[in-house]
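Coordinates in review
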Amino acid sequence: MNGGVKKKNGGKEDEQDGLSVHSPCKAPNSSASSLRKEQSQVDLELKLLEALEIYPPVKLQGIHRHFVLYGLTEYMRRSFNRQFSGSDVLQMLDRFYNLEMLKPDDEESGILNQVEEFSLPPSYFTKEES
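What you see is a predicted model; the values in this text were computed from it and never measured.

Right, let's talk about the side chain of Thr73 for a bit. In this fold, Thr73 is placed in helix H2 (residues 65-80). Discounting residues that sit within four places of it in the chain, Thr73 has contacts with Phe84, Ser85, Gly86 and Val89.

Here we take up the confidence of the model for the chain. Residues at a pLDDT of 70 or more form 65% of the chain, whose mean pLDDT is 74. Ranking the elements of the chain by mean pLDDT puts strand S2 (residues 12-14) last, at 49, and H2 first, at 92. In the model, residues 4-8 has pLDDT below 50 throughout and makes 14 contacts with residues more than four positions away in sequence or in other chains. A low-confidence stretch, residues 14-28 stays under pLDDT 50, and its non-local contacts, those more than four residues away or across chains, total 18 contacts.

Turning our eyes to something else, we now look at unusual backbone geometry. A positive phi angle is found at Asn81, which is not glycine, with a value near 55°. With respect to the helices and strands, Asn81 occurs in the loop between H2 and helix H3 (86-93).

Calculation criteria
- Residues numbered from 1 in each chain as written.
- Predicted model: local features only at pLDDT ≥ 70, side-chain atom pairs only at ≥ 80, totals over all residues.
- Heavy atoms only, no water.
- Helix = DSSP H or I, 4+ residues; strand = E, 2+ residues; numbered from the N terminus.
- Contact = heavy atoms within 4.5 Å.
- pLDDT = per-residue confidence, 0-100.

Below you can see the structure in the form of structure tokens.
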């Protein structure tokens, strides 16, 4: 086959691959499923962008990271009525953002793991006499 090329045989036109100059261009049946996949991918990305209005990506830094990621996965789960993992959401986010920039530095993790001794001041324990 010549991939959609028309030939004239004794004044008669033959159509190959179901396409003709006179007919509108139609996608072959095999690409219909890929079109649905592309549309579902677009729907996923749009819902993710909607979720980012509620859970901004800047909050994926620091101590709120896991709460925000959980919120994003729950938003996606409710929107599509199927389970999403944190890695699924991060993989979709990676298409829009440089997630390497959101990873905590060693300096930040040191601050978060720092333990300080705390005690109430002695004046708290003494009763004021009236």
